Amino acid sequence: MKKFMYIGLFFLISSLVLAFFKSDAWIGQNDDIGQQPVSSLILENNKEGQTAGQTKKSLGARPILPSPVWVIGSYDKNGRSNAMTSAWAGICSSRPPCVAISLRKETYTYGNILEKKAFTINIPSESQAAYAAYFGSVSGRDLNKFEVTGLTPVKSEIVDAPYIKEFPLILECKLKQTLEIGSHTMFIGEIMDIKVDESILTEDGGLDLEKLKGFFFLPGRGKFYRYGELLGDVAALARKIKEK
Ligand SMILES: Cc1cc2nc3c(=O)[nH]c(=O)nc-3n(C[C@H](O)[C@H](O)[C@H](O)COP(=O)(O)O)c2cc1C
C-alpha cells in the first residue's frame, strides 16, 4: 500500500515541476508588460513581423507619412481650368525656390502641365477641406470641377495656369524639370511668386498658421488632420540641448 502512495506522490510532484517550467513563470515577474511572460511576448511579436529584441514594429515599405494637401491648378490644351489634389509634394530647393509634386500619368493634370509648362499650388484652409477631397476624387477629363464647385479660376499673370481665388495661399510655378520615379512622375516647379490673403499674415508679414488653419493628409488612413498650433521656436529648442 505504502509503495503505491510513494509512486503516486512521485508522479504528482513531477507533473507540478513540469507545469511550472512549461508556463514560463520561471523567467520572472512581468507586471510592467501586462503579466505575460517575456518569452511569449517575443513569440507574439514575431508573429506580427517584429524581430526578437526590437521595440519598433515594422510596417513594411509604404508611403504613409503625414503629407501636405495641395490643389494643383492647370489649363488643358483648350484653355479650360482644372484642379486636382496632390499630397506627394513638398519644397525641394531654396535657391531657386522650387517645389516638387508627383503625379500619375493617368491624371488629366499630368498632360496639362506638360503642355503648358506651368501650374499653381493652391493651399486650402480647413473650411475648404471638402473641396480638396472633391478635387482628388474626380477627373477634369470627365467634368469641369470649377463649374461643379462654383469656385473661381483666376488667370495668373506670371505663369500659364489658373489659381483658385477663394483659397488663401497660392504658389505660381513654372515647370523646371520632370523626373520619372515609378508609379509617379515628379514635376519640379520653380516658384515665380506667392499670392496670399492678407488676413493670414502676421503683423511683420509672415504666414500666420493659426489663421491659415491648414491641414495635412495621412495616407493609409485616408484622413485629413489639422495643424497650426505653435510648439516652439526651433533655435530655442536646439539651445536647450546644446546648453545642457
Ligand atoms: C488627399 C489626396 C491626395 C492625392 N494626392 C495625389 C498625388 O500626390 N498624386 C496623384 O497622382 N494623385 C493624387 N491624388 C489623386 C488625384 O487627385 C485624383 O486622381 C484626381 O482625380 C486627378 O484629377 P485630374 O484627372 O483632374 O488631374 C490624391 C487624391 C487625394 C484625395
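Residues numbered from 1 in each chain as written. Predicted model: local features only at pLDDT ≥ 70, side-chain atom pairs only at ≥ 80, totals over all residues.

Draft legend 1. Quick look at the sheet that holds strand β10 (residues 185-196). Across the sheet, which stays open at both edges, the 7 strands sit in the order β3-β2-β6-β9-β10-β5-β4 with antiparallel pairing between neighbours. In this open sheet, the two strands that pair with only one neighbour each are β3 (81-86) and β4 (89-93). Each adjacent strand pair in this sheet contributes to an overall mean axis angle of 35 degrees, direction not counted. As paired strands, β4 and strand β5 (residues 98-103) are joined by 4 bridges and run antiparallel to one another. (Pairing = 2+ DSSP bridges. Helix = DSSP H or I, 4+ residues; strand = E, 2+ residues; numbered from the N terminus. Axes fitted to C-alpha atoms, helices over the stretch in contact; angles between N-to-C directions.)

Draft legend 2. Molecular detail of the site of the ligand. In the neighbourhood of the ligand, 22 residues make up the surrounding shell, with Met84, Thr109, Gly136, Ser139 and Gly140 lying closest. Secondary-structure elements contributing two or more residues to the shell around the ligand are β3, β5 and α3 (108-116). Counting residues per element, the shell around the ligand draws most heavily on β3, which supplies 4 residues. Each residue belonging to the shell around the ligand can be placed in one class, and the counts come to 9 nonpolar, 11 polar and 2 charged. (Near = placed C-beta within 6 Å. Nonpolar A, V, L, I, M, F, W, Y, C, P; charged D, E, K, R; others polar.)

Draft legend 3. Quick peek at unusual backbone geometry. A cis amide bond links Arg95 with the next residue in sequence, Pro96, at an omega value of -5 degrees. Mapped onto the elements of the fold, Pro96 is located in the loop between β4 and β5. Positive phi is not limited to glycine here, since Lys117 has a value of about 55 degrees. Within the secondary structure layout, Lys117 lies in the loop between α3 and β6 (118-123). With 15 C-beta atoms packed within 10 Å, Lys117 lands in the partly exposed category. The phi torsion at Lys213 lies on the positive side, around 50 degrees, for a residue other than glycine. With 18 C-beta atoms counted inside 10 Å, the residue Lys213 sits in the partly exposed group. (Buried ≥ 20, exposed ≤ 12 C-beta atoms within 10 Å, placed from the backbone.)

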